Amino acid sequence: MTTNEYVRAFAGAFILISLGLGVEASPLFVSKNFLWLTAFVGANLFQGAFTGLCPLITILHKLGVKDEKASCSN
């Protein structure tokens, strides 16, 4: 997997988990405060799209995960 795929999987998992823990209709409900985690992940993805700053990518690079090749190259 590449850093881009890890970021997508990590963000998606955190959003689903925090929604499960924060929405009252969920059987996993704990507290509405878990919705703040959903908002944080979404805000981080949004700012990362414009600034290119992503703490998770920095961590993944230190762990040796490679970046993907350009999607246009074959």
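Before reading on, note that the structure itself is shown above.
Everything numeric here is computed off the predicted structure, so don't read it as measured data. (Residues numbered from 1 in each chain as written. Predicted model: local features only at pLDDT ≥ 70, side-chain atom pairs only at ≥ 80, totals over all residues. Heavy atoms only, no water.)

Engineer: So, the environment of Gly20: which residues are in play, and what are the values?
Structural biologist: Along the chain, Gly20 falls in helix 1 (residues 3–22). C-alpha separation for the pair Gly20 and Leu35, spaced 15 residues apart in sequence, amounts to 9.2 Å. Ignoring anything within four residues of it in the chain, the contact list for Gly20 reads Ser26, Leu28 and Phe29. (Helix = DSSP H or I, 4+ residues; strand = E, 2+ residues; numbered from the N terminus. Contact = heavy atoms within 4.5 Å.)

Engineer: So what's going on with a nonpolar patch on the surface? Residues and values would help.
Structural biologist: A cluster of nonpolar side chains, Leu19, Val23 and Leu35, forms an exposed patch at the surface whose accessible area comes to about 200 Å². In this fold, Leu19 is placed in helix 1. (Patch = residues over 30% accessible without salt bridge, like charges linked within 9 Å, V, L, I, M, F, W, Y side chains within 5 Å. Areas by Shrake-Rupley, 256 points an atom, 1.4 Å probe, with all protein chains shown as cover. Salt bridge = Lys/Arg side-chain N within 4 Å of Asp/Glu carboxyl O.)

Engineer: Provide a residue-level description of the pattern of salt bridges, including the pertinent values.
Structural biologist: The tally for this structure, following the rule as stated, stands at 1 salt bridge. As a salt-bridge pair, Glu24 and Lys32 come within 3.0 Å of each other at their nearest N and O atoms. Lys32 shares its class with Glu24; the two are exposed. (Buried < 20%, exposed > 50% of the residue type's maximum accessible area, 1.4 Å probe, protein only.)

Engineer: Run through the packing of aromatic side chains, naming residues and quoting values.
Structural biologist: Under the counting rule described, the total for this entry stands at 2 aromatic pairs. Relative to Phe50, the ring of Phe46 lies with its centre 5.1 Å away and its plane at 70 degrees, an arrangement referred to as edge-to-face. Note that Phe46 and Phe50 are positioned in helix 2 (residues 35–51) at a spacing of 4 residues, about one turn of the helix. Since its relative accessible area comes to 57%, Phe46 is described here as exposed. (Phe/Tyr/Trp six-rings, centres within 6.5 Å; stacked < 30°, edge-to-face > 60°.)

Engineer: Describe the packing of helix 1 against helix 3 (residues 55–62), naming the residues involved and giving the relevant values.
Structural biologist: Here helix 1 crosses helix 3 at 130 degrees, and the two axes come no closer than 10 Å. With respect to each other, helix 1 and helix 3 are oriented oblique. Two packed elements cross with a definite hand, and for helix 1 against helix 3 that hand is right-handed. In this structure, helix 1 uses Thr3, Tyr6, Val7 and Phe10 to contact helix 3, whose residues at the interface are Leu56, Ile57, Leu60 and His61. For the contact of helix 1 with helix 3, the residue count by class is 6 nonpolar, 2 polar and no charged. (Axes fitted to C-alpha atoms, helices over the stretch in contact; angles between N-to-C directions. Parallel < 35°, antiparallel > 145°, perpendicular 65-115°, else oblique. Left-handed = near helix turned anticlockwise from the far one by under 90°. Nonpolar A, V, L, I, M, F, W, Y, C, P; charged D, E, K, R; others polar.)

Engineer: Which residues make up helix 1, and what values do they have?
Structural biologist: The end-to-end C-alpha separation of helix 1 is 28 Å, in line with the 28 Å expected for 20 residues at 1.5 Å each. Within helix 1 the residues assigned to the buried category are Thr3, Val7, Ala11, Ser18, Gly20, Leu21 and Gly22. On its buried side, helix 1 packs onto helix 2 and helix 3. (Expected span 1.5 Å × (residues − 1).)

In short, the description is geometric, and any link to function would need to be established separately.
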